[in-house]
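Structural description and commentary
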Amino acid sequence: MSEQTDRKPGEDRKPDEDYEHHGGFPVYKPVKGGPDFGRFVEAFRRLQDLAVSTHAPDDVVAQAAAQAEALGDFLEQYTVPEGRSPAGFDTELPGRGSLLMLPWKIEKFDAESVRARGTFRRFHLGGNGAAHGGTLPLLFDDLFGMVIHANRRPIARTAYLHVNYRKITPIETELVVEGRVDRVDGRKAFCAAELCDLEGNVLADCEALMVQLLPGQP
Ligand SMILES: CC(C)(COP(=O)(O)OP(=O)(O)OC[C@H]1O[C@@H](n2cnc3c(N)ncnc32)[C@H](O)[C@@H]1OP(=O)(O)O)[C@@H](O)C(=O)NCCC(=O)NCCS
Ligand SMILES: CCCCCCCCCCCCCC(=O)O
């Protein structure tokens, strides 16, 4: 039996009593990268942009491939398990220092809402100047993870995520996304968010159900 509430997130709730119980997840802690880590990640994003936007002569591609392979060989010895790399766990960096997440900056983070600002990069291109349709669910899904965290709720899994694509989402253009918990029903947190341009036009909106995990649940 679940408890139906109309409470506004953060309004009347104390931090979730189960906050430290993240199903079968390990206890994650932020992992702060060193002084050059943000620069390191941004250099890789630039390479991703260039890898998808250049058509270099074969000898240049061969040289670039050899340098990339050498860099991989150089770094491989430092591989660590999940949760030990700053990538995705450095909360001060755009996209938390992850190459997968959108490299957006958080500008509001509280129980009312989480808001982030940034651009879809050239490597996020779908077609005809628009961000790939699959990159928007990634943006919203990661935002909802932060929304859950900002509401002092334990880690939740996304049960569903519904995106309405209202207008073309351009790459290389500053945009804003903001999301919140709309309603809580026991383990279920119903979330909503909008992606807007700087004139306030809604480019896409999204609704998702985030389900709190049971003990031991993966
Ligand atoms: C989401 C998940 C944890 C829910 O499984 P579960 O813990 O066994 O929970 P249940 O199936 O009992 O669902 C819990 C509640 O959410 C509801 N629910 C779950 N999935 C739903 C969906 N897709 N649509 C609507 N409601 C859903 C159930 O109806 C139930 O509601 P109730 O408590 O009012 O009866 C599980 O399905 C899962 O792990 N899915 C994969 C998640 C995933 O990989 N997400 C992407 C990465 S985060
Ligand atoms: C407090 C540590 C800060 C970093 C938190 C990273 C949390 C990652 C949770 C990953 C949850 C799975 C999300 C998904 O698969 O969609």
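This is a predicted model, so every value here is computed, not measured. (Residues numbered from 1 in each chain as written. Chains lettered and ligands numbered in written order. Predicted model: local features only at pLDDT ≥ 70, side-chain atom pairs only at ≥ 80, totals over all residues. Heavy atoms only, no water.)

**Remarks on the pattern of salt bridges**
Under the counting rule described, the total for this entry stands at 16 salt bridges. A salt bridge links D110 to K108, with the nearest nitrogen and oxygen atoms 2.8 Å apart. Using a relative accessible area of 31% as the deciding quantity, one classes D110 as partly exposed. The buried category is assigned to K108, whose relative accessible area is 16%. Taken together, the shared-partner salt bridges in this structure form one network comprising E107, R115, R117, E174 and E178. (Salt bridge = Lys/Arg side-chain N within 4 Å of Asp/Glu carboxyl O. Buried < 20%, exposed > 50% of the residue type's maximum accessible area, 1.4 Å probe, protein only.)

**Comments concerning the pairing of strand β1 (residues 105-109)**
Judged from the four bridges that link them, β1 and strand β2 (residues 114-118) form a sheet pairing that is antiparallel. Bridge pairing in β2 places I106 opposite A116. Remark: four residues form the turn of the hairpin made by β1 and β2, two consecutive strands paired antiparallel. (Pairing = 2+ DSSP bridges. Helix = DSSP H or I, 4+ residues; strand = E, 2+ residues; numbered from the N terminus.)

**Points about the site of ligand 1**
Around ligand 1, the surrounding shell consists of R157, T158, A159, Y160, R187, K188, L209, V211, L213 and Q217. A distance of 3.0 Å is found between a nitrogen atom of ligand 1 and a backbone nitrogen or oxygen belonging to T158. Note that an oxygen atom of ligand 1 is positioned 2.8 Å from one of the side-chain N or O atoms of K188. Out of a free accessible area of 930 Å², ligand 1 has 45% covered by protein chains. Elements with a contribution of two residues or more to the shell around ligand 1: β3 (156-165) and β6 (202-212). The greatest single-element share of the shell around ligand 1, amounting to four residues, is contributed by β3. (Near = heavy atom within 4 Å. Polar contact = N/O pair within 3.5 Å; in protein donor to acceptor, adjacent residues only side chain to side chain. Areas by Shrake-Rupley, 256 points an atom, 1.4 Å probe, with all protein chains shown as cover.)

**Details of the packing of aromatic side chains**
Following the criterion strictly, the structure yields five aromatic pairs and no others. Measuring from ring centre to ring centre gives 6.0 Å for F25 and Y28, while their planes differ by 85°; the resulting arrangement is edge-to-face. Residue Y28 is classed as partly exposed on the basis of its relative accessible area of 27%. Consider the rings of Y28 and F89, whose centres lie 4.9 Å apart with planes at 65°: the pair is edge-to-face. Of this pair, Y28 sits in the segment before α1 (37-51) while F89 is found in the loop between α2 (58-76) and β1, placing the two residues 61 residues apart along the sequence. Given a relative accessible area of 17%, F89 falls into the buried group. Among the aromatic side chains, those forming a connected cluster through ring pairs are F25, Y28 and F89. Its guanidinium or amino end placed over the ring of F190, R183 lies 4.1 Å from that ring's centre, counting from NZ or CZ. (Phe/Tyr/Trp six-rings, centres within 6.5 Å; stacked < 30°, edge-to-face > 60°. Lys NZ or Arg CZ within 6 Å of the ring centre and 35° of its normal.)

**Describing the site of ligand 2**
With respect to spatial proximity, the complete set of residues near ligand 2 consists of F25, Y28, K29, P30, G88, F89, T91, D141 and R157. Between ligand 2 and the protein, one listed contact pairs an oxygen atom with a side-chain N or O atom of D141 at 3.1 Å. Relative to its unbound accessible area of 480 Å², ligand 2 is 61% covered by the protein chains. Counting atoms within 2 Å of the grid points, the majority share of ligand 2 lands in the largest pocket. Classifying every residue of the shell around ligand 2 by side-chain character gives four nonpolar, two polar and three charged. (1 Å grid on protein atoms, 1.4 Å probe; cavity = no way out; pocket = protein on both sides within 12 Å on 5 of 7 lines; lining within 4 Å. Sits in = over half its atoms within 2 Å of the grid points. Nonpolar A, V, L, I, M, F, W, Y, C, P; charged D, E, K, R; others polar.)

**Points about the UniProt feature "domain: Thioesterase" (unreviewed entry) in the protein chain**
Per the UniProt annotation, the sites labelled "domain: Thioesterase" (unreviewed entry) are residues 128-203. Across residues 128-203, the secondary structure splits into 21% helix and 43% strand, with the terminal C-alpha atoms separated by 16 Å. (UniProt positions renumbered as here; feature names shortened; annotations may be inferred.)

**Considerations on helix α3 (residues 135-150)**
Compared with the 22 Å implied by 1.5 Å per residue over 16 residues, the 23 Å span of α3 between its first and last C-alpha is a close match. Inspection of α3 places T135, L136, L139, F140, D142, L143, F144, M146, V147, I148 and A150 among the buried residues, and these make up the whole buried set. Summarising the contacts, the buried residues of α3 are in contact with β1, β2, β3, β4 (175-185), β5 (188-197) and β6. Looking one or two places after α3, you find R152, whose phi comes out positive at around 60°. (Expected span 1.5 Å × (residues − 1). Contact = heavy atoms within 4.5 Å.)

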